[in-house]
Amino acid sequence: MTTAKTRREEIYHLAVTTGLASVEELSRHFQVTASTIRRDLAQLNEQGKLARTYGGAVALGAHPEPSLRQRTGQAFEQKQAIAAWAASEVKGGENILLDGGSTVGALAHALRGRENLSVTTPGINTLQELADSPGIQVDCLGGRLRGVSQTFVGPLAEAALERMSFDRVFLGADAVTADDGLCEADHSQTRLKELMARRGDAVYVLADSSKLGKRPFHAWAKIPLPWTLVTDADADPGQVALFRNAGVQVELVPIDSKATA
């Protein structure tokens with residue numbers, strides 16, 4: 001009889017080689033119940049190996065989700081420049097919401113030492129960055145910890161958001177397109193991002209230029225206008241035009257010594 005570990009390894013292999021995409025197919029293939037397959041997929045999702053969709057159908061892509069640690073080292077200078085620009089937008093006395101993710105984590109680092117600021121976040125990296133900043137009040141959106149992204153998600157985080165409002169909301173994304181919005185590997189994250197966007201007077205999406213127009217996963221968050229895309233000056237002009245034509249304000253941040261210092 002196949003062990004759970006072996007079955008999950010085989011599921012991942014099938015995902016990246018054949019694109020096998022439904023619970024029913026996997027259940028028949030391994031001769032186990034659909035609930036067993038769903039548990040397998042949930043664990044593989046937590047490990048960042050598979051992306052899930054609604055309704056029990058699972059999109060098993062060849063684009064495993066990188067961990068937060070892996071993403072922190074990608075496009076480092078671009079993220080630092082974007083974070084520096086975003087930090088300059090934050091004013092004393094404001095109440096802001098910081099998403100999880102590496103770019104927003106860089107923003108949290110840039111805010112260290114600020115005074116008279118309130119920050120709410122579901123991201124462990126932001127909690128760590130601001131834990132020793134006495135001038136910043138930090139609140140955490142609790143919930144289920146999604147290990148690969150180091151972010152709290154789920155009904156508890158969503159319920160807390162319904163009782164809050166913010167001057168500014170800063171969101172991250174695995175990718176972003178002008179037509180479909182923010183792309184993530186997991187629907188619990190896109191659901192949370194949509195709720196975050198509804199609670200802010202001003203909404204910013206922080207995404208380096210490599211993420212524009214990409215579709216690595218199958219979970220999407222539609223962000224209502226108005227919102228601002230903050231990206232680096234290396235962004236493809238065609239992509240920038242698509243966002244602006246869709247009514248999105250775009251800020252192109254130069255990558256220079258001041259922005260990355």
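Report on the accompanying structure. (Residues numbered from 1 in each chain as written. Predicted model: local features only at pLDDT ≥ 70, side-chain atom pairs only at ≥ 80, totals over all residues. Heavy atoms only, no water.)

Before going further, it helps to spend a moment on the nonpolar core. Ranked by internal contacts, the top residues of the largest apolar core, which has 28 residues, are L171, W227 and L229. Only α8 (155–161), β6 (166–171), α9 (187–198), β9 (200–206) and α10 (237–245) provide two or more residues apiece to this core. Considering each element in turn, this core owes the most residues, four residues, to α9. With residues up to four places along the chain from it excluded, the contact list for L229 reads V176, V205, A207, L212, F243, V248, Q249, V250 and E251. Counting residues in hydrophobic clusters, the runner-up holds 23 residues, among them L98, L117, V119 and I136. (Core = buried A, V, L, I, M, F, W, Y, C linked by side-chain atoms within 4.5 Å. Buried < 20%, exposed > 50% of the residue type's maximum accessible area, 1.4 Å probe, protein only. Helix = DSSP H or I, 4+ residues; strand = E, 2+ residues; numbered from the N terminus. Contact = heavy atoms within 4.5 Å.)

Here we take up unusual backbone geometry. Residues L225 and P226 are joined by a peptide bond in cis, for which omega reads 0°. Mapped onto the fold, P226 is located in the loop between β10 (219–221) and β11 (228–232). Not every positive phi belongs to a glycine, and Q31 is a case in point at roughly 55°. Residue placement: Q31 occurs in the loop between α2 (23–30) and α3 (34–46). The backbone of N116 sits at a positive phi, close to 55°, despite the residue not being glycine. Considering the arrangement of structural elements, one finds N116 in the loop between α6 (102–110) and β2 (117–121). A relative accessible area of 54% places N116 in the exposed class.

Moving on: the packing of aromatic side chains. Applying the stated criterion across every chain, the model contains three aromatic pairs. Taking 4.7 Å as the distance between ring centres and 15° as the angle between the ring planes, the aromatic pair formed by F170 and Y204 counts as stacked. With F170 in strand β6 and Y204 in strand β9, the pair connects residues that are 34 residues apart, well separated along the chain. When sorted by exposure, F170 lands in the same class as Y204, which is buried. Relative to F243, the ring of W227 lies with its centre 6.4 Å away and its plane at 85°, an arrangement referred to as edge-to-face. Of this pair, W227 sits in the loop between β10 and β11 while F243 is found in helix α10, placing the two residues 16 residues apart along the sequence. This pair shows no difference in class: W227 is buried, exactly as F243 is. The structure contains a cluster of three or more aromatic residues connected by ring pairs, namely W85, F170 and Y204. (Phe/Tyr/Trp six-rings, centres within 6.5 Å; stacked < 30°, edge-to-face > 60°.)

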